[in-house]
Amino acid sequence: MINNIIKYGLYAVILVLVQLLACNNIQFSGYINPYVYLLFILILPVDTPSWLLLLVAFLMGLIIDVFSGTFGLHAFATTFVAFIRPTVLGLIAPHDGYQSSQSGLSIGSYGFKWFLIYSSILVFVHHFVLFFLEVFRMTNFFNTFLRVLLSSIFSVLFILLFELIRRGK
Amino acid sequence: MRNLLNFLAKYNHVIVFILLESLALYLIFGADNYHNIKFYKGFRGISANIEKSVSNSRYYFGLKEVNDRLATENNVLKERLAMLTTGKEYSTWEVIDTSLGRQYCFFEGEVINNSVNRQKNYITINRGQKDGIDKDMAVISADGAVGIIVASSKNYSVAMSLLNIDMRMSARIKSNGYFGSLSWDGVNYLEASLSEIPQHVSINVGDTVETSGYSSIFPEGVMVGVISDYYSSGSDFYDISVRLSVDFKKLRHINVIGNRLLEEQTELESSFE
């Protein structure tokens, strides 16, 4: 338990730093901003209590908000992702179910394809909520949607890269 | 009672979810002023310091370019000085003298945080209230208009960039003097759009767009950009794309302009609204 707190605390710090110092400075053609910090919510163990998941997600979002000057935007989006995470996990459950364990989810848990689907769904939902909440208007719907799509692709790529590094370690 | 408790136990995560999301929404929409929330102010110091060191290291690698730009600006100023001393009239940069002295006061500063990839971009500047910077001052760079100060703390201030979908600015076409409203549609950080120019006016690609001075924030005649494209839509007005003269991606040195008579003007105007 204590081990887990230290482990995930460390991941949180690393991901926040990577997000703020590296990813927030990556801007392909002004359209794309990858959000890698979302990986933190993806890798928490399956049996994390829902309320804890929500709270951790909210705090993570709030930290990103504070340092990038976007009031509550990320907090809202990450909390939303944390809320639907159990449902998504249920939808794409492997045949023999999840092994209930304290160890977190990773690219190695249930295969590459499973992780790709899992992260793509949650990243897309997160970006959709985030970008539309930021703009808060329906004019230019397709333009915003394009930004959601492109940023999602890049976020997923970066998340997969991060996962591969984490597994190789 | 038992049922209620069971219900709460079963749906506790929904309740936590609703509470947290309401809090997030409150943070987004309840904060009408950019920097109003108390806890945010506390963090601002830390994050501004981090931003400053990151920005400093980035600055170091761009020094050569900054040097070149300063040299060019220097040249331009020297030319202007030469024109002034020889008695020639030079009307592009107008500083109006009134009985109160200068109408506009200038402050120099540096950008320490900036973005172009959001829909609502803001710029953080390393000058604040202790340097005399306040809300509703104009921010310009050597190339042209940059934004408007929306909040300032003791040491820092935050400006709403032209690249913000909430930004509206009065701008006019230099060649014919017709003015319209300049805004950004959130797509391309190099281009803004100018609306409300009636279709009977003849305009050309390459025409200069500058500030009109009607907003009382920007002085008259600050460069904004050039017309890069225009077409007539079904309405009575043109859709004009303006290529911004400022490259927001490499913004560093800026000037803040305060209008000493802003308060007087708005006070007088407000009595007719």
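Scroll up to find the structure.
Here goes a summary of the coordinates provided.

About the cut-offs
- Residues numbered from 1 in each chain as written.
- Chains lettered and ligands numbered in written order.
- Predicted model: local features only at pLDDT ≥ 70, side-chain atom pairs only at ≥ 80, totals over all residues.
- Helix = DSSP H or I, 4+ residues; strand = E, 2+ residues; numbered from the N terminus.
- Buried ≥ 20, exposed ≤ 12 C-beta atoms within 10 Å, placed from the backbone.
- Contact = placed C-beta atoms within 7 Å.
- Nonpolar A, V, L, I, M, F, W, Y, C, P; charged D, E, K, R; others polar.
- Expected span 1.5 Å × (residues − 1).
- Pairing = 2+ DSSP bridges.
- Core = buried A, V, L, I, M, F, W, Y, C linked by C-beta atoms within 7 Å.
- Axes fitted to C-alpha atoms, helices over the stretch in contact; angles between N-to-C directions.

**Some points on the overall build of chain A**
Along its length, chain A carries six helices and zero strands. Along chain A, helices and strands appear, N-terminal first, in the series α-α-α-α-α-α. Per-residue burial for chain A yields a buried fraction of 39% across its 169 residues. For chain A, restricting intrachain contacts to residue pairs at least 6 apart in sequence, the fraction spanning at least 24 positions comes to 69%.

**Quick word on the interface of chain B and chain A**
At the interface, 27 residues of chain B touch 23 residues of chain A. Those elements giving two or more residues to the side of chain B that touches chain A turn out to be helix 2 (12-30), helix 3 (38-61) and strand 4 (120-125) of chain B. When residues of the side of chain B that touches chain A are assigned to their parent elements, the largest contribution, 10 residues, is made by helix 2 of chain B. A breakdown of the residues in the side of chain B that touches chain A according to their chemical character gives 16 nonpolar, seven polar and four charged.

**Section: helix 6 (residues 141-168) of chain A**
Residue and element names in this part refer to chain A. The terminal C-alpha atoms of helix 6, which comprises 28 residues, lie 40 Å apart, in line with the 40 Å expected from a rise of 1.5 Å per residue. Where helix 6 is concerned, the buried positions are Arg-147, Val-148, Ser-151, Ser-152, Phe-154, Ser-155, Val-156, Phe-158, Ile-159 and Glu-163. In this structure, the buried residues of helix 6 make contact with helix 2 (39-43) and helix 5 (112-135).

**Remarks on unusual backbone geometry**
Residues and elements named next belong to chain B. Of note, Asp-136 is a non-glycine position whose phi angle comes to about 65°, a positive value. By secondary structure assignment, the location of Asp-136 is in the loop between strand 4 and strand 5 (138-141). Backbone geometry places Glu-196, a non-glycine residue, at a positive phi of 70°. Counting through the fold element by element, Glu-196 comes out in the loop between strand 10 (191-195) and strand 11 (208-211). We classify Glu-196 as partly exposed; it has 16 C-beta atoms within 10 Å.

**Topic: the pairing of strand 3 (residues 104-114) of chain B**
Residues and elements named next belong to chain B. Sheet analysis places strand 3 next to strand 14 (residues 253-259), joined by seven bridges and oriented antiparallel. Within the sheet, the bridge partner assigned to Glu-108 lies in strand 14 and is Asn-255. The antiparallel hairpin formed by strand 3 and strand 4 contains five residues in its connecting segment.

**Here we look at the pairing of strand 8 (residues 169-173) of chain B**
Residues and elements named next belong to chain B. Burial analysis of strand 8 places four of its five residues in the buried class, which makes it a mostly covered element. Here strand 8 runs beside strand 9 (residues 179-183); their pairing, made up of four bridges, is antiparallel. Bridge pairing in strand 9 links Met-169 to Leu-182. Alignment of strand 8 against strand 11, held across three bridges, turns out to be antiparallel. Pairing of Arg-172 across the sheet is with Glu-210, part of strand 11.

**What about the nonpolar core?**
Counting 48 residues, the largest nonpolar core has Tyr-37, Leu-38, Leu-39, Leu-54 and Val-81 of chain A as the members making the most contacts within it. Contributions of two or more residues to this core are made by helix 2, helix 3 (50-68), helix 4 (73-91), helix 5 and helix 6 of chain A together with helix 2 of chain B. Here this core gets 10 residues from one element, more than from any other, and that element is helix 3 of chain A. Leaving out residues up to four positions away in the same chain, Val-81 of chain A has contacts with Leu-38, Ile-41, Ala-57, Leu-122, Val-125 and His-126 of chain A. Core analysis: the second largest hydrophobic core is formed by 46 residues, Val-111, Ile-123, Val-209 and Ile-240 of chain B among them.

**Notes on the sheet that holds strand 5 of chain B**
Within a sheet, neighbouring strands are paired by backbone hydrogen bonds and run either parallel or antiparallel to one another. Residues and elements named next belong to chain B. With respect to topology, six strands assemble into a closed barrel ordered 3-4-7-6-5-14, the strand pairing being antiparallel. Neighbour to neighbour, the strand axes of the sheet diverge by 45° on average, direction disregarded. One ladder, built from five bridges, connects strand 4 with strand 7 (residues 157-164); its direction is antiparallel. Bridging across to strand 7, Ile-125 finds its partner in Ser-157.

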